[in-house]
Amino acid sequence: GQSLEQPSEVTAVEGAIVQINCTYQTSGFYGLSWYQQHDGGAPTFLSYNALDGLEETGRFSSFLSRSDSYGYLLLQELQMKDSASYFCAVSRRGRDDKIIFGKGTRLHILP
Amino acid sequence: KAGVTQTPRYLIKTRGQQVTLSCSPISGHRSVSWYQQTPGQGLQFLFEYFSETQRNKGNFPGRFSGRQFSNSRSEMNVSTLELGDSALYLCASSLGDGTDYEQYFGPGTRLTVT
């Protein structure tokens, strides 16, 4: 079977750092993406990892360990506008190649 | 470049009716995917179309169908609506060249079935 696990909610303080974890179990794994969705908005693409290691894009970084079937999104210098839901998504290749999304992590930021 | 557009934005239908949703992808994008989003369930993949052909399909009943036109615009149809079909339906487009991990989402159509 295939599954993605991420925490349903995470709370952090403005200015701090937060890490959102994602573990996956799937065949034909190709890469891991992260999306952000604000309330009432559409998901927007944040990052993609196909190889092991850390990818940095401004205040956001994403990490992948293929051997551990694990990745995380790291948000630094948290701002109130970062309050949103964050989804990890697995890209697959093979007979059934499509993108599978996790159920999302709601990030609450306290002032 | 204009983003992904979806029409209508809101719909209220009655059980048993059918509905058609429309999606216009970003110019130059050939792949269109549809997702159903409900609270607590994340985004569930419905199907993907590329060059007018269904390339992938999720685990939804046959009441859910779609198509893509030669200009890459796509429609999704749900027949014999059930209360559980109430959801936000999102359309996403991508180039379709192997970079499909980067999808561009439309604002969605909020469907309410009563």
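Below is a short write-up of the structure. Think of each chain on its own: its residues are numbered from 1, step by step along the sequence as written. Whichever chain is written first is A, and whichever ligand is written first is 1; the rest continue in order. Two thresholds apply to this predicted model, a pLDDT of at least 70 for residue-level local features and 80 or more for giving and counting side-chain atom pairs, whereas whole-chain, interface and lining totals are computed over all residues. Just so you know, side-chain values use all the structure's heavy atoms and leave hydrogens and water out.

1. Section: the sheet that holds strand E3 (residues 18–25) of chain A
Strands pair in a sheet through their backbones, by hydrogen bonds, and they do so in one of two ways: parallel or antiparallel. Residues and elements named next belong to chain A. Only strands that DSSP links by at least two bridges are regarded as paired with each other. Secondary structure is summarised from DSSP: a helix means a run of H or I of at least four residues, a strand means a run of E of at least two, and numbering begins at the N terminus for each. Taken in spatial order, the 5 strands of this open sheet run E1-E3-E8-E7-E6, and their pairing is antiparallel. Sheet topology places strand E1 (3–5) and strand E6 (53–57) at the edges, where each strand pairs with a single neighbour. Averaged over neighbouring strand pairs, the angle between their axes works out to 15 degrees when direction is ignored. Pairing between E1 and E3: 3 bridges, direction antiparallel. Following the sheet pairing, leucine 4 is matched in E3 by tyrosine 24. Geometry is summarised by axes, namely lines fitted to C-alpha atoms with helices restricted to the contacting stretch, and by angles between N-to-C directions that run from 0 to 180 degrees.

2. Describing the pattern of salt bridges
All names here are of chain B. Salt bridges are defined as contacts in which a side-chain nitrogen from Lys or Arg sits within 4 Å of a carboxyl oxygen from Asp or Glu. Scanning the model with the defined rule gives 7 salt bridges over all chains in all. Residue glutamate 48 is joined to arginine 55 by a salt bridge in which the shortest nitrogen-to-oxygen separation is 2.6 Å. Arginine 67 is the salt-bridge partner of glutamate 75, the closest N and O atoms lying 3.2 Å from each other. One network of salt bridges, in which partners are shared, links Arg63, Glu82 and Asp85.

3. Structural notes on the state of the cysteines
Residues and elements named next belong to chain A. Count a disulfide wherever a pair of cysteine sulfur atoms falls within 2.5 Å. Counted by the stated rule, this structure contains 2 disulfides over all chains. Shown here is the disulfide that connects cysteine 22 with cysteine 88, its sulfur atoms set 2.2 Å apart. Measuring the twist about the S-S bond at about 75 degrees, one finds the cysteine 22-cysteine 88 disulfide to be right-handed. Here cysteine 22, found in strand E3, pairs with cysteine 88, found in strand E9 (residues 84–92); they are 66 residues apart in sequence, far enough to count as distant. The same class applies to cysteine 22 and to cysteine 88, which are both buried. For every residue, the accessible area obtained with a 1.4 Å probe (protein chains only) is divided by the maximum for its type, and the residue is called buried under 20%, exposed over 50%, and partly exposed between those limits.

4. Looking at the interface of chain A and chain B
We call two residues contacting when some pair of their heavy atoms lies within 4.5 Å. Taken together, the contact pairs 17 residues of chain A with 19 residues of chain B. For the pair chain A and chain B, the summed buried area comes to about 1500 Å², and 55% of that belongs to carbon and sulfur atoms. Counting every contact that joins chain A to chain B gives 0 salt bridges. For the side of chain A that touches chain B, the secondary-structure elements that each account for two or more residues are strand E4 (29–37), strand E5 (44–49), E9 and strand E10 (99–101) of chain A. Ten residues, namely Ala, Val, Leu, Ile, Met, Phe, Trp, Tyr, Cys and Pro, are considered nonpolar, four, namely Asp, Glu, Lys and Arg, are considered charged, and the remaining ones, Gly among them, are considered polar. For the side of chain A that touches chain B, the class distribution of residues is 8 nonpolar, 4 polar and 5 charged. Accessible area, probed at 1.4 Å, shrinks when two parts are joined; the buried area is that loss added up over both.

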